[in-house]
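Examination of the molecular architecture
Listed below are the residues making up each chain.
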Amino acid sequence: DIVMTQTPLSSPVTLGQPASISCRSSQSLVDSDGSTYLNWLQQRPGQPPRLLIYKISNRVSGVPDRFSGSGAGTDFTLKISRVEAEDVGIYYCMQARQFPLTFGGGTTVEIK
Amino acid sequence: QITLKESGPTLVKPTQTLTLTCTFSGFSLTTSGMGVGWFRQSPGKALEWLALIYWNDDKRYSPSLKTRLTITKDTSKNQVALTMTNMDPVDTATYLCTQWSQGARRVDLWGQGALVTVSS
């Protein structure tokens, strides 16, 4: 199985300030078709997860442009340029390179 | 508008079999590239993938749970069912069904989830 490791576990952020979450995979997420199957999900309190970004950096329709994804191979980053109150929640990276699909342990973004 | 909703028992006893149904609308599981997946989330813990069924009836299972899981679809009813045998208290979790797009390999939309408690 591909192990996904997220850091930090928790990220207290001041409103309007940036936040950054790292995700590392135990093996490359580049598939034979050349695509890298790394997704980012947001889970607000009491809500199901929501897809934010797929294939490293592609924002889903309706996701604010303050969210951006980057990285390659085994190292990936989700950045929130200016954190807003509605961004509070747990963020997960998920690999879809191979089965079983696996997730990082989650990073809690909270307001200081 | 795409929606997914999970239904099934909220309480099962240890050793019993759990059957959950995902009823969806806004897309068809006969469309090439489409799939429906099941995930779960134990209280306060991270997400775990369970199973996935594709438009062509191909199926994938979590290796650690494969012997206990069966996923099926009824395209006429827009439903996907997940059966898990020999339930144990550690299986207590919120079970979520999702729309899956094979081309982008992404979970497009999640249901609200169904909390299942395993207890005698």
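Scope of this entry: the structure provided in the associated data block. (Residues numbered from 1 in each chain as written. Chains lettered and ligands numbered in written order. Predicted model: local features only at pLDDT ≥ 70, side-chain atom pairs only at ≥ 80, totals over all residues. Heavy atoms only, no water.)

In this complex, chain B contributes 22 residues to the contact, which on the side of chain A involves 23 residues. At the boundary of chain B and chain A, one finds one salt bridge. Aspartate 31 of chain A is the salt-bridge partner of arginine 105 of chain B, the closest N and O atoms lying 2.3 Å from each other. The interface formed by chain B and chain A holds seven residue pairs in polar contact (both at pLDDT 80 or more) in total. Elements supplying a minimum of two residues to the side of chain B that touches chain A: β4 (34-41), β5 (47-54), β9 (93-101) and β10 (106-110) of chain B. In the side of chain B that touches chain A, the residues fall into twelve nonpolar, four polar and six charged. (Contact = heavy atoms within 4.5 Å. Salt bridge = Lys/Arg side-chain N within 4 Å of Asp/Glu carboxyl O. Polar contact = N/O pair within 3.5 Å; in protein donor to acceptor, adjacent residues only side chain to side chain. Helix = DSSP H or I, 4+ residues; strand = E, 2+ residues; numbered from the N terminus. Nonpolar A, V, L, I, M, F, W, Y, C, P; charged D, E, K, R; others polar.)

On to the pattern of salt bridges. Residue and element names in this part refer to chain A. For the coordinates displayed, the defined rule picks out eleven salt bridges over all chains. Close ionic contact of arginine 97 with aspartate 31 constitutes a salt bridge, the shortest N to O distance being 3.5 Å. Residue arginine 97 is located in the loop between β9 (89-95) and β10 (102-103), and its partner aspartate 31 is located in the loop between β3 (19-25) and β4 (38-43); the two are separated by 66 residues in the primary sequence. Under the relative-accessibility criterion, arginine 97 is labelled partly exposed at 24%. Of the residues examined, aspartate 31 reaches a relative accessible area of 12% and is grouped as buried. Of the charged contacts in the structure, one is a salt bridge between arginine 66 and aspartate 87, with a shortest N-O distance of 2.7 Å. Highlighted residues: arginine 66 in the loop between β6 (58-59) and β7 (67-72) and aspartate 87 in the loop between β8 (75-80) and β9, separated in sequence by 21 residues. Assigned by exposure class, arginine 66 and aspartate 87 land together as buried. Residues joined in a network through salt bridges with shared partners are Arg66, Glu84, Glu86 and Asp87. (Buried < 20%, exposed > 50% of the residue type's maximum accessible area, 1.4 Å probe, protein only.)

The next thing to look at is the sheet that holds strand β7 (residues 69-74) of chain B. Residues and elements named next belong to chain B. One open sheet accounts for four strands, arranged β1-β3-β8-β7; its pairing is antiparallel. Edge positions in the sheet fall to β1 (3-7) and β7, since each has one partner strand and no second. With strand direction ignored, the average angle separating the axes of adjacent strands in the sheet is 20 degrees. (Pairing = 2+ DSSP bridges. Axes fitted to C-alpha atoms, helices over the stretch in contact; angles between N-to-C directions.)

Our next topic: the pairing of β9 of chain A. All names here are of chain A. Extensive coverage of β9 is indicated by the burial of six of its seven residues. When β4 meets β9, the two strands line up antiparallel, connected through six bridges. In the sheet register, glutamine 43 faces β9, and the bridge partner there is isoleucine 90. Where β9 and strand β11 (residues 107-111) come together, three bridges link them in antiparallel fashion. The residue bridging glycine 89 from the neighbouring strand is valine 109, located in β11. Both β9 and β10 contribute to a ladder of two bridges, which runs antiparallel. When the bridges of β10 are listed, methionine 94 appears paired with phenylalanine 103. Where β9 folds back on β10, the antiparallel hairpin that results is connected by six residues.

Further remarks concern the state of the cysteines. Evaluation of the coordinates by the stated rule reveals two disulfides over all chains. Put simply, cysteine 23 of chain A and cysteine 93 of chain A are joined by a disulfide, and their sulfur atoms are 2.1 Å apart. Its torsion about the S-S bond being 75 degrees, the disulfide of cysteine 23 of chain A and cysteine 93 of chain A is classed as right-handed. Remark: cysteine 93 of chain A occurs in strand β9 and cysteine 23 of chain A occurs in strand β3; sequence separation between them is 70 residues. Assessed through its relative accessible area of 1%, cysteine 23 of chain A is described here as buried. When its relative accessible area of 0% is taken as the criterion, cysteine 93 of chain A is described as buried. Note on cysteine connectivity: cysteine 22 of chain B is disulfide-linked to cysteine 97 of chain B, with sulfurs 2.1 Å apart. With the S-S dihedral at roughly 65 degrees, the linkage between cysteine 22 of chain B and cysteine 97 of chain B falls on the right-handed side. Of this pair, cysteine 22 of chain B sits in strand β3 (residues 18-25) while cysteine 97 of chain B sits in strand β9, and the two are 75 residues apart along the sequence. Judged on exposure class, the residue cysteine 22 of chain B and its partner cysteine 97 of chain B are both buried. (Disulfide = S-S within 2.5 Å.)

Function cannot be read off these values alone, since they describe shape.
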